[in-house]
Amino acid sequence: MKARRNKKQIPSFRKLLKTSKVKLENKLKNKQFKQQSTLKKYRKEQRKLRQAVKDAVSKKPIPLEDPREKQPGKRIEREEEEEEEALPLDMMDEDDLQLMRDLGQRASFLTRDLSSSEPVHVKKRKQERIIEKYEKIPRTLQTAPEKELIHLLPIKDKSGIIPQTREKPVTDNNQDEEDEEEMELEEEIIEDPIRELTLEEHLIERRKKLQEKKMHIAALASAILSDPESNIKKLKELRSMLMEQDPDVAVTVRKLVIVSLMELFKDITPSYKIRPLTEAEKSTKIRKETQKLREFEEGLVSQYKFYLENLEQMIKDWKQRKLKKSNVVSLKAYKGLAEVAVKSLCELLVALSHFNFHNNIIVLIVPLMNDVSKSISEMCCEAVKKLFKQDKLGQASLGVIKVISGFVKGRNYEVRPEMLKTFLCLRIKEVEVKKDTEDINKPKKFMTFKEKRKTLSRMQRKWKKAEEKLERELLEAEASESTEKKLKLDLSYQESLHCVQTAFHILSGQGDVLNIDPMKFYTHLYKTLFKLHAGATNEGVETVLQCLDVMLTKRRKQVSQQRALAFIKRLCTLALHVLPNSSIGILATNRILMHTFPKTDLLLDNESQGSGVFLPELDEPEYCNAQNTALWELHALRRHYHPIVQRFAAHLIAGAPSEGSEALKPDLSRRSATELFETYSMAAMTFNPPVQSSSSKRKDEVLQGDAFLNEDLNQLIKRHCSEVATHLPLDFSRYSTTSLRSRWHASPLEPLQR
């Protein structure tokens, strides 16, 4: 039988730290309890001694008995002997008798010689030793208490080990008596009641405390950022503020510290993962700079670990909804603290994906993606999406996927759909399906010449050689390119367009006999149309126009109506964003497509065809439901500043007719899309057609006076002016006698005629 090994697990550092803290707290409590009990006993004894002194003065002293004499018979015999030896009182002198009486009255339990059990009245021969015995009575002196020493760690120098001690503080007895008297009189003392603060005063006091805490946090953070290696210990001081105990500002201060620490870790964390040192590395001598760097890294990792544990505990407190004994933070404030903690964890998940404890953060975040709280769930899902999008190495994404997969299976696939939608943001370029099958069915390994010679005969080697040759030919016939070679080609947009164009040139003509589905090329072009440059460097538009001609017009029999509708709709949307020559080329392509596919005129109607809703964000032209939309972009292009664009837009709105008022002129209708693109190009910084310059007409004559009036009115004014110019006396007195009524009925021109 093998001896069983000790399976007791070694406790973690955190558990040891917690245990040591509990032990220290218990030890301190026990020490305080012992001091209090000792103090109480001492006070009780002092009280009894004072009471005994009072009783001894008032009562007659009683002789002491020998505690060793427990048998009553022996005690009686000894008393009889003492009585026989005792001297009668009538034979004593008066002076001795008076002295004995005085001593008897002054005797007490404290003034007797405890080492002797003799009675108070002794024989006459012992009277002379009474004074000596009295002198030998012990007296209580107020001596200083013995000082207790505390042994400290020794110091080693050249001479050897020097022990170190320290005096233990001793409580003052007099002070204790005063405290006792104060405690006895405590009931009689009436303390002044503390004045309660008003609401306004309380808010002012809270604002003052909060400002002090903010300044302290800012000072610590500034010191750490200025010199992280030297001030790494201040991280611990800042992290200790996560346990703020002031109930007025506890919640706010903790939130500020959480965010501050998160930003600090994002700034001072190195761009590599810190590993623990080996025993050999610890024992080797290093330079001061290297030692300082190691201390910084160890302190950073430990504080980062404790910080993550604090955030985890805040989330657990919110989930468990248990009020702590300190009662500093209310249950309502738990959710706010938990939201800030989750926000910080999400930031660290994205920003420090390369650093230590990243897998621990993933384990905390993934269950919260399926949380009941919508805000927390959305926050975690957005963080995971962001991580998937910017993760270039893929290690962090792989860790998240593994945890999500295990969580989904553990919940029996009953999770929120948003949790699975995060997989759409993965940067997957190639799915290695073949590799998965190879892992299950591993390929055969060809035998070497030495292995064949050892295990096979000559005839078997000949058959084995022919078999291996055939297998190699089959592998070459697969003509499958490796994934590594595919991923090495990071083509540009212009190069990818040339690839599409080359592929369709190969498939045209004699390439029709090739049984290849070019759907991927259609999808690629449809998906990347909006990546065209809308500025002056729009060289890719010409290549796109050529690709559209080869893919849609020349292969009209292989193109479905849904695909043609989707391309026409997307091209009209693209025409709104590019330069005028590009818009003309795109609209000319749409004109050709509408002639090639006559049923596409349904895009000019507002009524939808079939079921479904148009999905412009979908990158699949066959399934975006383009039949349920309309070409509303043409109405916007009809008001374009370029006249040719206006003309093409009006022509397409009318259904691209070949005759009539809305038909195009021959110089526009007979040209291809690429020719129109080059004709109306603005590469030479000219506008085609040229803009007519506005000629300013110079005014030769300046109209003055009566030039603005009508001829008839001008003649009438001249005639009346000539009549008024006659030198006649102006007598207005005769008109003053005319009645007001006659003046109203008179003609307005009557005074002028007179």
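Residues numbered from 1 in each chain as written. Predicted model: local features only at pLDDT ≥ 70, side-chain atom pairs only at ≥ 80, totals over all residues. Heavy atoms only, no water.

From N to C terminus, the chain includes 32 helices and two strands. Of all 754 residues assigned to the chain, the portion counted as buried reaches 28%. Restricting the contact set of the chain to residue pairs at least 6 apart, pairs at least 24 apart contribute 67%. For the chain, the exposed area adds up to about 56,300 Å²; of that, 54% sits on carbon and sulfur atoms. (Helix = DSSP H or I, 4+ residues; strand = E, 2+ residues; numbered from the N terminus. Buried < 20%, exposed > 50% of the residue type's maximum accessible area, 1.4 Å probe, protein only. Contact = heavy atoms within 4.5 Å. Areas by Shrake-Rupley, 256 points an atom, 1.4 Å probe, with all protein chains shown as cover.)

This part covers the pairing of strand β2 (residues 161-167). Sheet analysis places strand β1 (residues 149-156) next to β2, joined by six bridges and oriented antiparallel. Bridging across to β2, His151 finds its partner in Thr165. Hairpin connection, β1 to β2: the antiparallel pair is bridged by four residues, and Gly160 has positive phi, about 140°. (Pairing = 2+ DSSP bridges.)

This part takes up the nonpolar core. With 69 residues, the main nonpolar core has Leu235, Leu261, Leu300 and Tyr307 as its most contacted residues. Put simply, the parts of the chain that give this core at least two residues each are α6 (199-226), α7 (234-240), α8 (250-268), α10 (288-320), α11 (331-351), α12 (358-368), α13 (374-390) and α14 (395-410). When residues of this core are assigned to their parent elements, the largest contribution, 12 residues, is made by α11. By size, the runner-up hydrophobic cluster in this structure holds 56 residues, among which are Leu497, Leu548, Cys572 and Val645. (Core = buried A, V, L, I, M, F, W, Y, C linked by side-chain atoms within 4.5 Å.)

Turning to helix α24 (residues 580-596), a few remarks are in order. With 17 residues, α24 extends 24 Å between its outermost C-alpha atoms, agreeing within 8% with the 24 Å of an ideal straight helix rising 1.5 Å per residue. Counting buried positions along α24 yields 14 of 17 residues, so the element is predominantly enclosed. (Expected span 1.5 Å × (residues − 1).)

In this section: the packing of aromatic side chains. Enumeration over the complete set of coordinates arrives at eight aromatic pairs. Look at Tyr304 and Phe357: their rings are 6.2 Å apart centre to centre, the planes differ by 40°, and that puts the pair in the tilted class. Placement of the pair is Tyr304 in helix α10 and Phe357 in the loop between α11 and α12, with a sequence separation of 53 residues. A residue is classified by how much of its surface remains accessible, and Phe357, at 24% relative accessible area, is partly exposed. (Phe/Tyr/Trp six-rings, centres within 6.5 Å; stacked < 30°, edge-to-face > 60°.)

Let us now look at the pattern of salt bridges. Scanning all chains against the criterion turns up 14 salt bridges. Between Arg275 and Glu281 there is a salt bridge, with its nearest N and O atoms 2.7 Å apart. The class of Arg275 is exposed, set by a relative accessible area of 52%. Here Glu633 makes a salt bridge to Lys569, at a shortest N to O gap of 2.9 Å. Of this pair, Glu633 sits in helix α25 (residues 633-637) while Lys569 sits in helix α23 (residues 561-575), and the two are 64 residues apart along the sequence. Like Lys569, Glu633 is buried. Taken together, the salt bridges that share partners define one network made up of Lys209, Asp246 and Asp248. (Salt bridge = Lys/Arg side-chain N within 4 Å of Asp/Glu carboxyl O.)

Although it is not a glycine, Asn625 adopts a positive phi angle of roughly 60°. Topologically, Asn625 is positioned in the loop between α24 and α25. Positive phi values are uncommon outside glycine, yet Ala656 reaches one of about 55°. Position of Ala656 relative to the elements: it lies in the loop between α26 (643-653) and α27 (666-669).

Let's shift gears to the environment of Val251. Mapped onto the elements of the fold, Val251 is located in helix α8. Each C-alpha atom, one on Val251 and one on Leu337, is 7.3 Å from the other, the two residues being 86 residues apart in sequence. Residues contacting Val251, with those up to four places away along its chain left out, are Val329, Ala333 and Leu337.

Further remarks concern the environment of Ala534. Looking at where Ala534 falls in the secondary structure, it is placed in the loop between α21 (519-528) and α22 (540-553). When its relative accessible area of 36% is taken as the criterion, Ala534 is described as partly exposed. Sequence separation between Ala534 and Ala575 is 41 residues; the distance between their C-alpha atoms is 9.7 Å. Leaving out residues up to four positions away in the same chain, Ala534 has contacts with His577, Val578 and Leu579.

Glancing now at the packing of α23 against α24. Between α23 and α24, the least distance of the axes is 9 Å, while the angle of their chain directions is 160°. The angle between the axes of α23 and α24 places the two elements in the roughly antiparallel class. α24 is crossed by α23, and the crossing has left-handed handedness. Two secondary-structure elements touch here, α23 through Ile568, Leu571, Cys572, Leu574 and Ala575 and α24 through Ser583, Ile586, Leu587, Thr589, Asn590, Leu593 and Met594. Taken together, the residues of the contact of α23 with α24 sort by class into nine nonpolar, three polar and no charged. (Axes fitted to C-alpha atoms, helices over the stretch in contact; angles between N-to-C directions. Parallel < 35°, antiparallel > 145°, perpendicular 65-115°, else oblique. Left-handed = near helix turned anticlockwise from the far one by under 90°. Nonpolar A, V, L, I, M, F, W, Y, C, P; charged D, E, K, R; others polar.)

Further remarks concern α13. With 17 residues, α13 should reach 24 Å at 1.5 Å per residue; the first-to-last C-alpha distance of 24 Å fits that figure. Tucked inside the fold, the buried residues of α13 contact α10, α11, α12, α14 and α15 (417-421).

A separate point is the packing of α10 against α12. Where α10 meets α12, the axes come as close as 11 Å, and the angle between the chain directions of the two elements is 20°. In terms of axis orientation, α10 runs roughly parallel to α12. The chirality of how α10 crosses α12 is left-handed. Counted together, Tyr304, Leu308, Glu312, Ile315 and Lys319 of α10 and Ile361, Leu364 and Leu368 of α12 form the full contact between these two elements. Of the residues that constitute the contact of α10 with α12, the class distribution is six nonpolar, no polar and two charged.

Scanning all chains against the criterion turns up zero disulfides. Looking at Cys380, it has no disulfide partner, and the nearest cysteine sulfur is the one in Cys346, 4.1 Å off. Taking the relative accessible area as the measure of exposure, Cys380 reaches 0% and is therefore buried. (Disulfide = S-S within 2.5 Å.)

Everything listed here is a matter of geometry and, on its own, says nothing about what the molecule does.
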